[in-house]
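Descriptive analysis of the structure
Here is what each chain is made of, one letter per residue.
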Amino acid sequence: MAAPTIIDELADFSACDCSDALVKLGVAGGGFLPGPSMWSPQRQEGTTKVIGRAYTVRYALLSSAEDKVPVHYIDTIPQGAAVVISAPSTIPNAVYGGLMSTRAQASGAAGTIVHGRVRDLHEHRALGYPVFASDVGTVSPYENAKVVAVNQKLELVSEYGTTIVEPGDIVVADIDGVVVIPRSVEDQIIPLMIRQTQADAKVAESIKAGMTFVEASKKHRV
Amino acid sequence: MAAPTIIDELADFSACDCSDALVKLGVAGGGFLPGPSMWSPQRQEGTTKVIGRAYTVRYALLSSAEDKVPVHYIDTIPQGAAVVISAPSTIPNAVYGGLMSTRAQASGAAGTIVHGRVRDLHEHRALGYPVFASDVGTVSPYENAKVVAVNQKLELVSEYGTTIVEPGDIVVADIDGVVVIPRSVEDQIIPLMIRQTQADAKVAESIKAGMTFVEASKKHRV
Amino acid sequence: MAAPTIIDELADFSACDCSDALVKLGVAGGGFLPGPSMWSPQRQEGTTKVIGRAYTVRYALLSSAEDKVPVHYIDTIPQGAAVVISAPSTIPNAVYGGLMSTRAQASGAAGTIVHGRVRDLHEHRALGYPVFASDVGTVSPYENAKVVAVNQKLELVSEYGTTIVEPGDIVVADIDGVVVIPRSVEDQIIPLMIRQTQADAKVAESIKAGMTFVEASKKHRV
């Protein structure tokens, strides 16, 4: 039997747990990607979690000087990948729809994260396939945008700054949001998370038994 | 038996299907109206669809030089209409509430789309009446806004540009968003949608059976 | 048996009812606080209402010249309070999480309103504790922010202007949003709300029976 991979081990933890560990490891912003939230299989409900290595796709405006990639990104998704898609912020087109989830699921993808809009909500939900996005819409991208890069670094801009996603970075997405774990620190997070979640469980128990937060923290957190 | 109208025929299609056809017909932005999303009968869940011809209402600031219309818009909604309401973007007032849905439903309206905020969520939901809006709030419009135009052209501004709604344009709104079908092209969309949705169903089937997206598209899309 | 307090009496009314009364009393904006909406126990569903006097907490950036308060705010919440928390708008950190709700609930707080982000959605929901917030996220505040004021006036800025919350102001929050009732007018709102909600119920009934909105309003509203 194979030893559990870090992807297996992460199943015990939340996106918040990952951010807590990343802050301790000095990762600015705790790896949080502002913007995308859960739209499928449910809207910010339930225990769905996407855990996978990033397979990145970048859309640019049709008017961009960059060339369209020759091969459709949706047919080359590695088993277990988290598909991460970047859309131009100046257009309301939904760059990702139901057929894309149909194909991603057939490839064994873990889920799709879109920094931009998606459409065909009913189709993603009927598949039970996890989709995170900034918003929804009705218009396909074809009149306005093209895919110009696959498996290259993404720079995702929000009102707070820029979040980098490198191909192969682990992405963890759940009801609270999306976290990107830089490869350089991924080996260090599990022990930190075990320690913190065990302490937090005891803190919660002590608070429920009548202790103050400060007392409970002193007692259970080292 | 009367021949089915285009309103009847649209019941078989989604807002996304409409946008696909509108893009093919050269309608910029595929008719998508950025902003309003489904709040009633459910929050972006379920199969509710509003399909109707636009009955338009425009609110302006109380301080505007435009005159308030003398007759209350809510009492003259045509049977089957989609009520489309524009609110000033600089105030957080909710221009539409429960009594308005009570009256709209009694008039046989198909639903209400508000480019702005609504209130009384429980009341719309208890009626089972479809309401789409940009957001919710608690304050009525009376201190800040007045209705200055009924059944005149609306220019709805979003971060992406301006969407025009002419009285009588068909509006299709569902879980993915709101689409406005310009009258000049409405006769051409049904055949385009039949062709596309039939092809897409076959593409989905082939993908599930193991084909790539590109192969499946080549096989089923002309 | 003690006479019912205004907090008890408010249980019969909605946040919208409160705004209606506040507009009549000349409170600009009807007391509506733009931004926070219900995230727990459900996402903008259900009959949950927070009614309590504001216990205020203000976070500032770590770089701020203001001193961190010496005592943790979470351990001194008065029974029945509505905890109102202000976070800096320039950071995506979630200033409030599951352990905070655990402690607030143990203190008998009515609920928590965050002008900013929260995290640990599952934990608030598992507690059945009401949490309203502007958005969600995954990162704790500790790397970026500190509490600099407890039970002092808050100035909450939105795109529409500034909403003031004074410690002890009554806060009413439900599915439509959050309303702040200034102390100076709180004694006057209940009779206004009784009159309006009784009239509105009759207006709704008459509309359902076939009357126009204008006729029904003339008949039932003085």
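Residues numbered from 1 in each chain as written. Chains lettered and ligands numbered in written order. Predicted model: local features only at pLDDT ≥ 70, side-chain atom pairs only at ≥ 80, totals over all residues. Heavy atoms only, no water.

**Topic: unusual backbone geometry**
Residue and element names in this part refer to chain A. Along the chain, Ser40 connects to Pro41 via a cis peptide bond; the corresponding omega equals 5°. Positionally, Pro41 belongs in the loop between β2 (37-40) and β3 (50-61). Of note in this structure, Asn151 is not a glycine but carries a positive phi near 55°. Structurally, Asn151 can be placed in the loop between β8 (145-150) and β9 (154-158). The exposure class assigned to Asn151 is partly exposed, which follows from its relative accessible area of 37%. (Helix = DSSP H or I, 4+ residues; strand = E, 2+ residues; numbered from the N terminus. Buried < 20%, exposed > 50% of the residue type's maximum accessible area, 1.4 Å probe, protein only.)

**Re the relation of the copies chain C and chain A**
Relative to chain A, chain C is turned by 120° and slid 0.0 Å along the rotation axis, the superposed coordinates differing by an RMSD of 0.0 Å. Read as a symmetry element, the transformation amounts to a three-fold axis. Taking C-alpha positions as the reference, the residue of chain C nearest the rotation axis is C:Arg43, at 5.3 Å. (Least-squares fit on C-alpha atoms with pLDDT ≥ 70 in both.)

**Some details on the UniProt feature "binding site: Mg(2+)" (unreviewed entry) in chain A**
Under the present numbering, the feature "binding site: Mg(2+)" (unreviewed entry) in UniProt falls on A:Asp120. Position of A:Asp120 relative to the elements: it lies in the loop between β6 (111-118) and α4 (121-127). (UniProt positions renumbered as here; feature names shortened; annotations may be inferred.)

**Some remarks on the packing of aromatic side chains**
Under the defined criterion, the tally for this structure stands at 0 aromatic pairs over all chains. A cation sits over an aromatic face here: A:Arg43 above A:Trp39, 3.6 Å from the ring centre. (Phe/Tyr/Trp six-rings, centres within 6.5 Å; stacked < 30°, edge-to-face > 60°. Lys NZ or Arg CZ within 6 Å of the ring centre and 35° of its normal.)

**Concerning the interface of chain C and chain A**
Contacts between the two partners involve 27 residues from chain C and, on the opposite side, 31 residues from chain A. Roughly 2,200 Å² of surface becomes buried between chain C and chain A when both sides are summed, with 63% attributable to carbon and sulfur atoms. Counting the surface chain C buries against chain A, the share from its top three residues, C:Leu99, C:His122 and C:Thr138, is 26%. Connecting chain C to chain A are 2 salt bridges. Of the charged contacts in the structure, one is a salt bridge between C:Arg125 and A:Glu45, with a shortest N-O distance of 3.7 Å. Between chain C and chain A we count 10 residue pairs in polar contact (both at pLDDT 80 or more) in total. Within the residue set of the side of chain C that touches chain A, elements represented by two or more residues are α3 (98-106) and α4 (121-127) of chain C. Per-element tally for the side of chain C that touches chain A: the top contributor is α3(C), with 5 residues. Considering only residue class, the side of chain C that touches chain A consists of 11 nonpolar, 8 polar and 8 charged. (Contact = heavy atoms within 4.5 Å. Buried area = accessible area lost by both parts, 1.4 Å probe. Salt bridge = Lys/Arg side-chain N within 4 Å of Asp/Glu carboxyl O. Polar contact = N/O pair within 3.5 Å; in protein donor to acceptor, adjacent residues only side chain to side chain. Nonpolar A, V, L, I, M, F, W, Y, C, P; charged D, E, K, R; others polar.)

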